[in-house]
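A closer look at the structure
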Amino acid sequence: MEKARHRPLFSFKNKNMKLYFAPLFLLLLILNCTKNTEVIPEGEAQLNEQKWKKQGITDYEFTSQISCFCQTDYTLPKAIVVKNNQIQSVNGIAYADLEYEIHMTFDEFFDYIEDRQYQNPIIQNLKFDSIYGFPSYIYFDISEMIADDEIGYTITDFIPTK
């Protein structure tokens, strides 16, 4: 009775082929093992959230611009009006009337930051207003293996209204 032969999944008959693929395999292995190298001070978001909450501001206006691989009209700057910590309008249109718009108050931005940090992103870039503590720039890339999951928010033109 003849023994069954074991055939390798990949066969390199040419030894030079092994030399070409070995560095490529090593490079891919190294790239997949990299981690977030950006230094974010421990608790920076929490400290700024406390600073924001101490202000006691519940009515304010700001401009929000989203940076993502989205439709152009979604990424245009939007004028947001907040009263009693609830979004009232976006670009002068009542927020309740907007079907596909999703925007956040500053409290919701802090929740968003905490949620994203919990996901252990490969890149995060956070900036906060030095006077009020609200987030002025938020950027996360959760996984380098997922295309187009990067999203950023730029907050400008803040005005407390009460």
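As shown above, the structure is provided for reference.
Description of the structure in this document. (Residues numbered from 1 in each chain as written. Predicted model: local features only at pLDDT ≥ 70, side-chain atom pairs only at ≥ 80, totals over all residues. Heavy atoms only, no water.)

Focus on the sheet that holds strand β1 (residues 60–67)
- With respect to topology, seven strands assemble into an open sheet ordered β4-β3-β2-β1-β7-β6-β5, the strand pairing being antiparallel. Each end of this open sheet is capped by a strand with a single partner; those strands are β4 (93–94) and β5 (123–128).
- In this structure, β5 lies alongside strand β6 (residues 135–141), joined through six bridges in antiparallel fashion. Residue Gln124 lies in a different strand from β6, and its bridge partner there is Phe140.
- Against the sheet, helix α2 (residues 44–55) makes contact with β1, β5 and β7 (151–160), and its axis sits at roughly 30° relative to β5, the strand it touches most.
- Of the strands in this sheet, β1, β5, β6 and β7 are in contact with helix α4 (residues 106–118), which crosses β6 at around 30°. (Pairing = 2+ DSSP bridges. Helix = DSSP H or I, 4+ residues; strand = E, 2+ residues; numbered from the N terminus. Contact = heavy atoms within 4.5 Å. Axes fitted to C-alpha atoms, helices over the stretch in contact; angles between N-to-C directions.)

Describing the packing of aromatic side chains
- For the structure on display, the rule yields 17 aromatic pairs.
- Here the aromatic rings of Tyr60 and Phe62 are separated by 5.9 Å at their centres, their planes lie at 25°, and the arrangement is stacked. For the residue pair Tyr60 and Phe62, the accessibility class agrees, reading buried in each case.
- The interplanar angle of 10° and the centroid separation of 4.6 Å between the aromatic rings of Phe106 and Phe134 together place this pair among those described as stacked. Linking Phe106 in helix α4 with Phe134 in the loop between β5 and β6, this pair joins segments that are 28 residues apart in sequence.
- On the accessibility criterion, Phe134 (3% relative accessible area) is buried.
- An aromatic cluster is present here, built from Trp52, Tyr60, Phe62, Phe106, Tyr132, Phe134 and Phe158 joined pairwise through their rings.
- For the cation-ring pair, Lys127 lies above Tyr137, with the distance from its terminal atom to the ring centre recorded as 5.7 Å. (Phe/Tyr/Trp six-rings, centres within 6.5 Å; stacked < 30°, edge-to-face > 60°. Buried < 20%, exposed > 50% of the residue type's maximum accessible area, 1.4 Å probe, protein only. Lys NZ or Arg CZ within 6 Å of the ring centre and 35° of its normal.)

Side note on the pairing of β5
- Burial along β5 is one-sided: Gln124, Leu126 and Phe128 are buried, and none of Ile123, Asn125 and Lys127, which face the opposite way, are.
- Turn length for the β5-β6 hairpin, with the two strands adjacent in sequence and antiparallel, is six residues, and the turn residue Gly133 shows positive phi of about 90°.

A short note on the pattern of salt bridges
- Inspection of the entire model under this criterion finds one salt bridge.
- With a closest N to O distance of 3.6 Å, Lys53 and Glu49 form a salt bridge. With a gap of four residues between them, Lys53 and Glu49 both fall in helix α2, about one helical turn apart.
- The buried category is assigned to Glu49, whose relative accessible area is 17%. (Salt bridge = Lys/Arg side-chain N within 4 Å of Asp/Glu carboxyl O.)

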